[in-house]
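Residue-level structural notes
This is what each chain is made of:
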Amino acid sequence: MESFPPELLHLALQSADLGIWQLDLRSDEETLRSLRHDQMFGYEVLQPRWSLAIALEHVLEDDREMFSAAFRSALVEGTLRCEVRVKWPDGSIHWIAPLGRTEFGTDGQPLRICGVVADVTTRRQLEAQALQKNKMVAIGELTAGIAHDFNNVLQGLAGSFDLLNVFIAKGRLDECGRLAARGGELVDRAARMTHRLLAFSRRAPLNPRPVDLGRRLPAIAALLRPGPGQEGRVEVSVEPALPEVHVDDAQLEVALLNLLFNARDASHVNGRIQLRARRTVVPGDLHESLPLSGEHGFALIEVTDSGVGIPQDSLERIFEPFFTTKPQGAGTGLGLSQVHGYVHQSGGAIDVASVIGVGTRVRIWLPLASDESAAAGTSYLTETASRPSRRAVVLLVDDEAHVREPLAELLREAGHDVTSVADAETAMATLATRRDWDLVVSDIGLEGPTDGCELARQCHDRLPGMPVLLITGYAGDDLDTRLPGDTAVLVKPFTAKYFMREIAHCLGATADGRPR
């Protein structure tokens, strides 16, 4: 084929705004390059010499390994392609995209790489602007959904409180209990919403421990009740001798029930729902995104149904918070986002496949437990049997008065001697005034330089053996690393009954010989 005239090639390069270069691999010198090449590194005139090492000096430190890896790969694969950021002499940051092809000698050894380079800064900026715009749209939809659901909860609470005042004024005290119970139900509803949001953001406090799927899956499936007119049951199948998984048991139940509820709602009258578990490996494309190495392997849990299926355009959005395929008012749209967040926070992976008119399959990979994992993890409190309580000396620390005061009243009503303060510094000064403290209860997110975790550590140093109960709505995703050993954590919101049960539990765990 006839060669293109040099003038035509030059015009093409100029029209495409491309610089050209040729790197001699034996000398690490660019034996050919255009002025446009050097301009993309911030120079107005052609530099005396250029090499891969010089180019690497201009690449931002965070991108240098990617840049070097692309050239190393080109020595084997024969092609070069990457996009990296470079810093110009004036300090400005720009994006470049080198593209090249390797020439090999007759002995198969790479001789040189010839290529072009483009300035893709404008495209990258437009992509970043579009991404930011999409993020803001998603945040807008999320906040609107939160506001809608919380406004419903607040309206229910406001109505209940208003009626309480009316009934008290009229002396109809026998009806106040019903309104208080309604208020408690609304608080529970709001608590479920916030926990789902934390699970979606992978910030929910978890208490991972070995869980036997052979025992738990049948028990979880038994909690599912058939829908109106439905008779089908969940078919459970667990591989014999399947090792335990290392997960938060309570959140596993919530996640699987979410999936089973969705399967039930999507199924026909005699629809088939299957819940299966077996040992497996994670597909390579999913394994790359896992936060754990999976050195002990994974268990695969599958939930399948023979329901109506999910359209493809909806399938791409099912993990978005407040997105739902159910009729308005039939679902919050937080269930699958919670499952997604919980699975990834647990070191697993999840995918969904669906065919219209055939059904849907959800697959969850969860890490198997190691022999030592039973002793690992943070001691987040769960439902435990109540122990007999006694009159105790309690120090209560919380910077929110509307939280601190009701808790102090609850403790006093139970007969405890309570001192309440608002910050860690006052707490330590108060702790020094006597030696007969039995328990410290503190919020984690205290104002000031000392948070609840550090306060618990100082309490343990001053009074070894004294239990500390920390309470939190959200303390950050590094709580496990900040929390002192032998410290219990109670997640807000909680009921008075649950709070007093944990107080009794902590007092029952007080070391023998402590001053009373």
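Residues numbered from 1 in each chain as written. Predicted model: local features only at pLDDT ≥ 70, side-chain atom pairs only at ≥ 80, totals over all residues. Heavy atoms only, no water.

Points about the environment of Arg482
- You can see Arg482 is positioned in helix α15 (residues 479-482).
- Sequence separation of Arg482 and Gly452 is 30 residues, and the distance between their C-alpha atoms is 9.7 Å. (Helix = DSSP H or I, 4+ residues; strand = E, 2+ residues; numbered from the N terminus.)

Observations concerning the pattern of salt bridges
- Scanning the model with the defined rule gives 24 salt bridges in all.
- Salt-bridge contacts for Glu83 lead to Arg124; the nearest nitrogen and oxygen are separated by 3.0 Å. With Glu83 in the loop between β3 (79-81) and β4 (84-87) and Arg124 in helix α5 (residues 121-169), this pair connects stretches of sequence that are 41 residues apart.
- Owing to a relative accessible area of 27%, Arg124 belongs among the partly exposed residues under this scheme.
- Between Arg363 and Asp351 there is a salt bridge; the shortest N-O distance is 2.6 Å. Note that Arg363 is positioned in strand β13 (residues 359-367) and Asp351 in strand β12 (residues 349-355), a separation of twelve residues in sequence.
- Residue Arg363 is classed as buried on the basis of its relative accessible area of 19%. (Salt bridge = Lys/Arg side-chain N within 4 Å of Asp/Glu carboxyl O. Buried < 20%, exposed > 50% of the residue type's maximum accessible area, 1.4 Å probe, protein only.)

What about the pairing of β12?
- Of all the seven residues making up β12, five are buried; the element is thus mostly covered by neighbouring parts of the structure.
- Relative to β13, β12 runs antiparallel, the two sharing seven bridges. The residue of β13 that forms the bridge with Ala349 is Trp365.
- Hairpin remark: β12 followed by β13, antiparallel, with three residues in the connecting loop; positive phi at Gly357, about 80 degrees. (Pairing = 2+ DSSP bridges.)

Details of the sheet that holds strand β15 (residues 417-421)
- Strands sit in the order β15-β14-β16-β17-β18 across an open sheet of five strands; the sheet is parallel. Looking at strand neighbours, the two that pair on one side only are β15 and β18 (488-491), the edges of this open sheet. Going across the sheet, the axis of each strand differs from the next one's by a mean of 20 degrees, ignoring polarity.
- Relative to β15, strand β14 (residues 393-397) runs parallel, the two sharing five bridges. Within β15, the residue paired with Val393 across the bridge is Asp417. (Axes fitted to C-alpha atoms, helices over the stretch in contact; angles between N-to-C directions.)

Looking at the side chain of Glu302
- By secondary structure assignment, the location of Glu302 is in strand β11 (residues 298-305).
- Judged by its relative accessible area of 11%, Glu302 is buried.
- Apart from residues no more than four positions distant in its own chain, Glu302 is found in contact with Gln274, Leu275, Arg276, Arg278, Arg361, Val362 and Arg363. (Contact = heavy atoms within 4.5 Å.)

Observations regarding the sheet that holds β11
- Taken together, five strands build an open sheet; the order of strands is β8-β10-β11-β13-β12 and the sheet is mixed. Sheet topology places β8 (234-238) and β12 at the edges, where each strand pairs with a single neighbour. Averaged over all pairs of adjacent strands, the angle between strand axes in this sheet comes to 15 degrees, irrespective of strand direction.
- Relative to strand β10 (residues 273-280), β8 runs parallel, the two sharing five bridges. Looking at the pairing, Val238 lines up with Ala277 of β10.
- On top of the sheet, helix α7 (residues 213-221) reaches β8, β10 and β11; it is set at about 175 degrees to β8, its chief contact.
- Contacts between helix α8 (residues 249-266) and the sheet are confined to β8, β10, β11 and β13, with β11 contributing the most and set at about 25 degrees to the helix.

A short note on the confidence of the model for the protein chain
- The pLDDT averaged across the protein chain works out to 81; a share of 80% of its residues lies at or above 70.
- In this model residues 373-388 is a low-confidence stretch, pLDDT under 50, and it forms 35 contacts with partners more than four residues away in sequence or in other chains.
- The low-confidence segment residues 510-516 (pLDDT under 50) makes 18 contacts with residues lying over four places distant or belonging to another chain. (pLDDT = per-residue confidence, 0-100.)

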